[in-house]
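Residue strings, one per chain:
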Amino acid sequence: MPELVPRLESLMDAAWPALERHDAGDWILRAAVGVTQRANSVWPREPGEDPEALRRSLAGARRWYRDRRLPLIFQVFDGAGYAPLNAFLDAEGFTRQSETLILSLVLAGSAADGGSGAAPTAGVEVLPHPSEEWLRVWWEVDGRGGDDALAVAGEILRGCPSLYALVRDGDGRAAAVGRLALPAGSAHGMATLPAARRRGFASAILQSLLQAGDARGVDGFWLLVTAANHGAQELYAQAGFRETGRYLYRQERPRRGLTGC
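## Remarks on the nonpolar core
Of all hydrophobic cores here, the largest spans 34 residues; its most connected members are Met-12, Trp-27, Val-42, Leu-72, Phe-74 and Trp-222. Looking at this core, the elements with two or more residues in it are helix H1 (5-15), strand E2 (28-31), strand E3 (42-43), helix H2 (51-67), strand E4 (73-77), helix H3 (83-91), strand E10 (220-226) and strand E11 (242-251). Here the element with the most residues in this core is H2; it accounts for 5 residues. Leu-72 has contacts with Val-42, Leu-58, Ala-61, Arg-62, Tyr-65, Phe-94, Arg-250, Gln-251 and Glu-252, leaving out every residue within four places of it along the chain. By size, the runner-up hydrophobic cluster in this structure holds 31 residues, among which are Leu-105, Met-190, Ala-212 and Ala-239.

Spelled out as structure tokens, the structure:
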């Protein structure tokens, strides 16, 4: 479904909104004091191919991120249109990291079973805002940083209308969470505490979010999963999700200062 990818790029940007953004024409520069790669990366909305134009755009991006004391990172999608930009970044010495799959699902009819025939998701709490319990579970699994970084991440989460699902273990403790960004249809922030895995919690979270989105008129869903996370890919495949595209992050290598006399 290559025709979906440009629209998904816009939806991804809307579902995880950076706290600061600058429209530099063909590129969107995003920053959130270093919390998460997506919120602190360049989205090359129109990647371009002319080397001189790319050099000018790169120089402007370097200044913008240097002023914020952030590394220069690009979120670069797979596809022929990005080949000239990738070649340019290769020549500039940018790394390749965090390859990520874009998976999508279009519901058939009104039954939001994700194609898996899953049982009803009783016991899943669905909230309009992330509770402290929800944030704690998500951050313990996927977070990077302390309380200050968590506060920034919470601000990013609240930047888009969303639904937040939570499942408790047999002792009543929050064990697994997930987020559905509305109206983008993005299932994001899926996380299960290590001690609570392999109990069906992630599947229950996913099905509850699909059902909640379906009830609100969302008929197309997408999510992101790293290429290395085969367990999550299997879960999403069982729910009917299929790969639509890929992207990776290209980060500028630190430049070492001159040493010696």
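## Some thoughts on the packing of aromatic side chains
Within this structure, the stated rule accounts for 11 aromatic pairs. Ring centres 5.1 Å apart and planes at 90° place the aromatic pair Trp-27 and Phe-74 in the edge-to-face group. Separated by 47 residues along the polypeptide, Trp-27 in the loop between strand E1 (20-23) and E2 and Phe-74 in strand E4 bring together distant segments of the chain. The buried category is assigned to Trp-27, whose relative accessible area is 4%. Taking relative accessible area as the criterion, Phe-74 reaches 0% and is therefore assigned buried. Between the aromatic rings of Tyr-247 and Tyr-249, the centroid separation amounts to 5.5 Å while the plane-to-plane angle is 85°, which identifies the pairing as edge-to-face. Assigned by exposure class, Tyr-247 and Tyr-249 land together as buried. Taken together, Trp-16, Trp-134, Trp-138, Trp-139 and Tyr-164 form an aromatic cluster joined through their ring pairs. Note that Arg-68 overlies the ring of Trp-64, its terminal NZ or CZ placed 3.8 Å from the centroid.

## A look at the environment of Pro-161
Note that Pro-161 resides in the loop between helix H5 (147-157) and strand E7 (162-168). In this structure Pro-161 comes out as exposed when scored by relative accessible area, which is 58%. A C-alpha to C-alpha distance of 9.2 Å links Pro-161 and Ala-184, two positions 23 residues apart in sequence. Once residues within four sequence positions are removed from consideration, Pro-161 is found in contact with Leu-180, Ala-181 and Leu-182.

The rules we used
Residues numbered from 1 in each chain as written. Predicted model: local features only at pLDDT ≥ 70, side-chain atom pairs only at ≥ 80, totals over all residues. Heavy atoms only, no water. Core = buried A, V, L, I, M, F, W, Y, C linked by side-chain atoms within 4.5 Å. Buried < 20%, exposed > 50% of the residue type's maximum accessible area, 1.4 Å probe, protein only. Helix = DSSP H or I, 4+ residues; strand = E, 2+ residues; numbered from the N terminus. Contact = heavy atoms within 4.5 Å. Phe/Tyr/Trp six-rings, centres within 6.5 Å; stacked < 30°, edge-to-face > 60°. Lys NZ or Arg CZ within 6 Å of the ring centre and 35° of its normal.

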